[in-house]
Amino acid sequence: MTWRIALPAVTRWPSRALLAASLAGWVLLPLLGHGAQSSAALCLSYPTLADAPRGALAALSVADDTMLAALSWIVMVVAMMSPLLAQPIVQLRLRSLTRRRRRAVALFAAGYLAIWIVAGFALVTASAAITRLAEHLGWPALAITLTIAAIWQAAPLRQSALNRCHRPPDLSAFGLAADLDCFGFGLTHGVWCVVTCTPWMLLPLTTPAFHLPLMLMISIALLLERIAPARPAAWTWRILPGQKVAGVLLRSMQWSVR
Amino acid sequence: MVRMRKDVWKLPANDKTLFWYGQAIAVLKTRPITDKTSWWSLAAMHGIDSQLWIDLGYLDPAVQLPFDPTKQGFWNQCQHGSWYFLPWHRAYLGAFEAILLDVIVKKGGPADWALPYWNYDPTVPSALKFPTAFAAELLDDGSKNPLWVKERYGRTGNGNITIRPTDVPVKQLWRAAEFFDEPNDVPTSFGGTRTAFHHDAGAGAGKLEQTPHGPVHNLVGGTIEGGDSNVSTDNGLMSMFETAGIDPIFWLHHSNIDRLWESWLTVHQLQAPPDAHKNPTDLAWLDQPAGQFVMPQPDGTTFTTTARHVLNTKDPSLNYEYQDISVPGQPASPLVARLNRLGVAPADANTLAGAFSMASPKTTEMVGQSAAAVRISGAATEASVQLDDVARNRLQGTLSARSMSNLALGAKPTPPDRVFLALENITSATDVGVFHVYVNLPKGADPEQHPENLAGVVSLFGAREASRPAGPHAGSGLTQTLEITDIVDAMHLAGDLNTQQIDVKFVPQTPISDNNKVDVGRMRIYRQGG
Ligand SMILES: [Cu+2]
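Residues numbered from 1 in each chain as written. Chains lettered and ligands numbered in written order. Predicted model: local features only at pLDDT ≥ 70, side-chain atom pairs only at ≥ 80, totals over all residues. Heavy atoms only, no water.

1. Details of the overall build of chain B
- Within chain B, the regular secondary structure consists of 15 helices and 13 strands.
- Taking 530 residues into account, the globule formula puts the C-alpha radius of gyration at 24 Å, and chain B, at 23 Å, falls close to it.
- Overall size of chain B, expressed as C-alpha extent along the three principal axes, is 75 × 50 × 45 Å.
- Of all 530 residues assigned to chain B, the portion counted as buried reaches 59%.
- The long-range share in chain B, meaning contacts at least 24 apart out of those at least 6 apart in sequence, stands at 73%.
- Counting 43 positive and 55 negative side-chain charges, chain B places the averaged centre of each group 2 Å from the other. (Helix = DSSP H or I, 4+ residues; strand = E, 2+ residues; numbered from the N terminus. Rg over C-alpha atoms; globule rule 2.2 N^0.38 Å. Buried < 20%, exposed > 50% of the residue type's maximum accessible area, 1.4 Å probe, protein only. Contact = heavy atoms within 4.5 Å. Lys, Arg positive; Asp, Glu negative; His and termini not counted. Charge placed at Lys NZ, Arg CZ, Asp CG, Glu CD.)

2. Re the confidence of the model for chain A
Residues and elements named next belong to chain A.
- With 69% of its residues at a pLDDT of 70 or more, chain A has an overall mean of 74.
- When the criterion is pLDDT under 50, residues 1-10 qualifies, and its contacts beyond four places in sequence or with other chains add up to 23 contacts.
- Scored below 50 in pLDDT, residues 35-63 shows 55 contacts in the model against residues more than four places distant or in partner chains. (pLDDT = per-residue confidence, 0-100.)

3. Re the packing of helix α7 (residues 141-154) of chain A against helix α9 (residues 175-206) of chain A
Residues and elements named next belong to chain A.
- Look at α7 against α9: their axes get within 9 Å of each other, and the N-to-C directions meet at 170°. For the element pair α7 / α9, the angle class is roughly antiparallel. Residues A141, L142, T145, L146, I148, A149, W152 and Q153 of α7 lie in contact with α9, whose contacting residues are V195, T196, P199, W200, L202, L203 and T206.
- Of the residues assigned to the contact of α7 with α9, the class counts are 11 nonpolar, four polar and no charged. (Axes fitted to C-alpha atoms, helices over the stretch in contact; angles between N-to-C directions. Parallel < 35°, antiparallel > 145°, perpendicular 65-115°, else oblique. Nonpolar A, V, L, I, M, F, W, Y, C, P; charged D, E, K, R; others polar.)

4. Focus on the coordination of the copper ion
Residues and elements named next belong to chain B.
- At the metal site, the copper ion is ligated by H213 (NE2), H217 (NE2) and H254 (NE2), and these contacts range over 2.0 to 2.2 Å.
- Summarised as a motif, the one-chain spacing of the donors to the copper ion is H-x3-H-x36-H. Pair noted here: H217 is in helix α6 (residues 207-221) and H254 is in helix α8 (residues 248-266), with a separation of 37 residues, a long-range link.
- Look at H217 and you get buried, because its relative accessible area is 0%.
- On the basis of relative accessible area, H254 is assigned to the buried category, the value being 1%. (Donors = N, O, S within 2.8 Å, 3.2 Å for Na, K, Ca; no water.)

5. Let's talk about a nonpolar patch on the surface
Residues and elements named next belong to chain A.
- Judged by side-chain polarity, L23, V27, L28 and L31 come together as a nonpolar surface patch covering roughly 380 Å² of accessible area.
- Relative to the elements of secondary structure, L23 occurs in helix α1 (residues 16-31).
- Classification of L23 by relative accessible area gives exposed; the value is 56%. (Patch = residues over 30% accessible without salt bridge, like charges linked within 9 Å, V, L, I, M, F, W, Y side chains within 5 Å. Areas by Shrake-Rupley, 256 points an atom, 1.4 Å probe, with all protein chains shown as cover. Salt bridge = Lys/Arg side-chain N within 4 Å of Asp/Glu carboxyl O.)

6. Some details on the domain arrangement of chain B
All names here are of chain B.
- Along its sequence, chain B is carved into domain 1 (3-320) and domain 2 (334-529).
- Just the C-alpha atoms count here: the centres of domain 1 and domain 2 sit 29 Å apart.
- Taken together, the contacts link 41 residues of domain 1 with 43 residues of domain 2.
- Across the domain 1 to domain 2 interface the summed buried area is about 3,300 Å²; carbon plus sulfur atoms make up 50%. (Domains from an automatic or database assignment. Buried area = accessible area lost by both parts, 1.4 Å probe.)

7. Let's talk about the confidence of the model for chain B
- Across chain B, the average pLDDT comes to 90, with 94% of residues at or above 70.
- Scored as a whole, the predicted complex attains pTM 0.87, and scored at its interfaces, ipTM 0.82.

8. So, the nonpolar core
Residue and element names in this part refer to chain B.
- Membership of the largest hydrophobic core comes to 89 residues, with the highest contact counts inside it found for Y21, W39, W53, W118, F134, F190 and W251.
- Per-element tally for this core: the top contributor is helix α4 (residues 85-106), with 13 residues.
- The next biggest cluster of nonpolar side chains, apart from the first, holds 46 residues, and it includes V458, A463, A466 and V488. (Core = buried A, V, L, I, M, F, W, Y, C linked by side-chain atoms within 4.5 Å.)

9. Brief notes about unusual backbone geometry
Residue and element names in this part refer to chain B.
- Residue P212 is bonded to the preceding T211 through a cis peptide linkage, with omega at 5°.
- Locating P212 in the fold gives a position in helix α6.
- Non-glycine residue N76 carries a positive phi angle of around 50°.
- Mapped onto the fold, N76 is located in the loop between α3 (50-56) and α4.

10. Comments concerning the environment of B:E225
Residues and elements named next belong to chain B.
- Tracing the sequence through the fold places E225 in the loop between α6 and α7 (241-244).
- Spatially, the C-alpha atom of E225 lies 41 Å from that of A307, the residues being 82 residues apart in sequence.
- Not counting the four nearest positions on each side in its chain, E225 is found in contact with T156, G157 and N158.

11. With respect to helix α10 (residues 334-341) of chain B
Residues and elements named next belong to chain B.
- Those residues of α10 lying buried are V336, R338 and L339. Across the axial projection of α10, the buried residues extend over an arc of 160°, all falling on one side.
- In the core, the buried residues of α10 are packed alongside α11 (346-356), α12 (389-399), α13 (401-404), β8 (418-427) and α15 (485-493).
- Once α10 ends, the next one or two residues include G343, with phi positive near 105°. (Arc of directions from axis to C-beta.)

12. A look at the packing of helix α5 (residues 86-94) of chain A against helix α6 (residues 101-137) of chain A
All names here are of chain A.
- Axis separation between α5 and α6 bottoms out at 9 Å; the angle between their running directions is 140°. Here α5 lies oblique to α6, going by the angle between them. Every pair of crossing elements has a handedness; the one defined by α5 and α6 is right-handed. Contacts from P88, I89, L92 and R93 in α5 reach R101, A104, V105 and F108 in α6. (Left-handed = near helix turned anticlockwise from the far one by under 90°.)

13. Some details on the environment of B:Q386
- Tracing the backbone through its elements, the reader meets B:Q386 in strand β7 (residues 381-387).
- The class for B:Q386 is partly exposed, based on a relative accessible area of 40%.
- Between the C-alpha atoms of B:Q386 and B:V367, which are 19 residues apart in sequence, the distance is 8.6 Å.
- Contact partners of B:Q386, with chain neighbours within four places excluded, come to A:F174, B:V367, B:G368, B:Q369, B:S370, B:Q500 and B:Q501.

14. Observations regarding the pattern of salt bridges
All names here are of chain B.
- The final tally for this structure, using the stated rule, is 35 salt bridges over all chains.
- Between R194 and E182 there is a salt bridge; the shortest N-O distance is 2.8 Å. Of this pair, R194 sits in the loop between α5 (171-175) and α6 while E182 is found in the loop between α5 and α6, placing the two residues 12 residues apart along the sequence.
- Among the residues examined, E182 registers a relative accessible area of 31% and is labelled partly exposed.
- By sharing partners, the salt bridges in this structure join R3, R5, R90, E97, D258 and E262 into a single network.

What follows is the structure, given as structure tokens:
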């Protein structure tokens, strides 16, 4: 009997650098006040971070709460999303001249983050609206976000966005055109990623009490989902991201311990 | 007793192999598509498009189908563009053969019947002809020939199936030492790219799936004369995944593809890496659930199998071997031969080659890239790949006999790079099309006169599905990688490699019009070294 677990190789893709970035994000997040707050501790909620325990914040000596909120949002995106970037970065490096590879990845990351920063503002607005709607209806906000996320997960549009996340980039090789293409690839990949992940990101935003554990669960689910093969875009009953892969991984582990 | 799969062109005059094949097909065709052992369900396992089948008269629209024809499942199971291509098709052929054998034995036929193969050997012109028994609509007694189908239009659409040696090269197969590639590298392997599950991006086809597999599909199927190859009903059955399995020749074609896999395993080259010309030992390939194949049995039930269970064809569950798996004309050490060509003294070449075989793992670097997409149509299309000076210099350095021979000075031995031309994001409105790719052809020269500049052949088999933006590949198209090491070596020796760009010429071998929207999104040149 062997206890070696034969995970699909793609699960081994994320490079050490990406995993380190993600891990650093997860370590930083609580220090930035996440999960330690009693009130609506949103990633990017303007007023609440001011009330957060000051230890880590003071160390960073960031005066502006909005700046800090933005910073913590970026840290969260880094924590949750960097493992998902293994495939596009590998493809990007393969299509870049060796001496341009670092620069290409940096430009890609800049474009990608820019999209998530913009999306952050939209998400905070949306989650505030949902919270208000929930109060108005007397429902838990979680019920509303879960419904939105489930419907979105079932929709063909989301699957086609997810398929586009797998699309290898088309990049110029030389000069300014190459730089622009790498940045542009970051932007477009960011857009498809936001479209794919957004309703799930609303979940921790509208459920402050379980913010961190929810985020962790969602990241794992989204990562598993990214490993699955592309499907034709059509309505589906698979409303949990990564449910298919989780099943296969489980069977695969049983298989390898037989 | 191990059954023997025989060469269809070497069957003795009174041989009954094809007679029984036809008899079994006739029986399987009478079974309804709802029966997993019917001709129709067996073909649908490879692929089905219900509307197309109805239009072509192979499916009754009134029939309630047992599986959703738009979904991947028991039907539409075929594995293309993946390292599962070969084991899946072997399991598929094995299940098919078992069902036919059952019918044949029940009809009083031989218990050692086996599926023959069509060896379109590029060195034997007579073997490139379409097997005669499949070509006639009627048999001598005036009855319908079960081996015949109407929808075989051939190269130009007039029904003449002509295959030329340059359409079905096999030398590149023996040079591909590794069975599979990792998805983070340029695909250069024999058997395809590691894919987590089936049907990943259209980038993972191995050498054997690319050629001769693809061109034979297209050159048999083709498109009807005067028809439009963008319209599926105008295309031959063999031209498309969704219909290929209906044509009886499909099975002899894949039998040969399976045979070439056995041949590849017999290749032994000196100084090759330890895993060269061997099947993967990776558990993910051998028996992971992701690589499970569901196959029908003669009694109508199904069973599940994996690559591990199809590696030995003589195992009782498969119980066959091929009449001939020899690989003629292989140099004992291609590396030594290459070093000699590059100018390394014969006395040193052996020592050097031995030292290289212990070199570090391979590295892949992009050397150049085309500026824009190229539309392929008409008689020929010219394009070029712009080179990066730094990367090209590095490549040239590894080709220099002098630097290779500096080993005595204690420098780390660096083997000469191999060079690949990757054609990426090949999109198309049709599945039918074959074109040749020439590299560094002299200006104005007739391509036919320069076989030494022929990098390879590309087919569009499967391109349409990979090109649909709404499809699972999100329109990323096909990728095909052609080895151009020999061409680049020749350029280096002729002093032509000190160049800013390398010319590429696409020469269609089947009618390809502008309307077919056949585009090569990017061309990239990669060097791969140790
Ligand atoms: Cu095929």
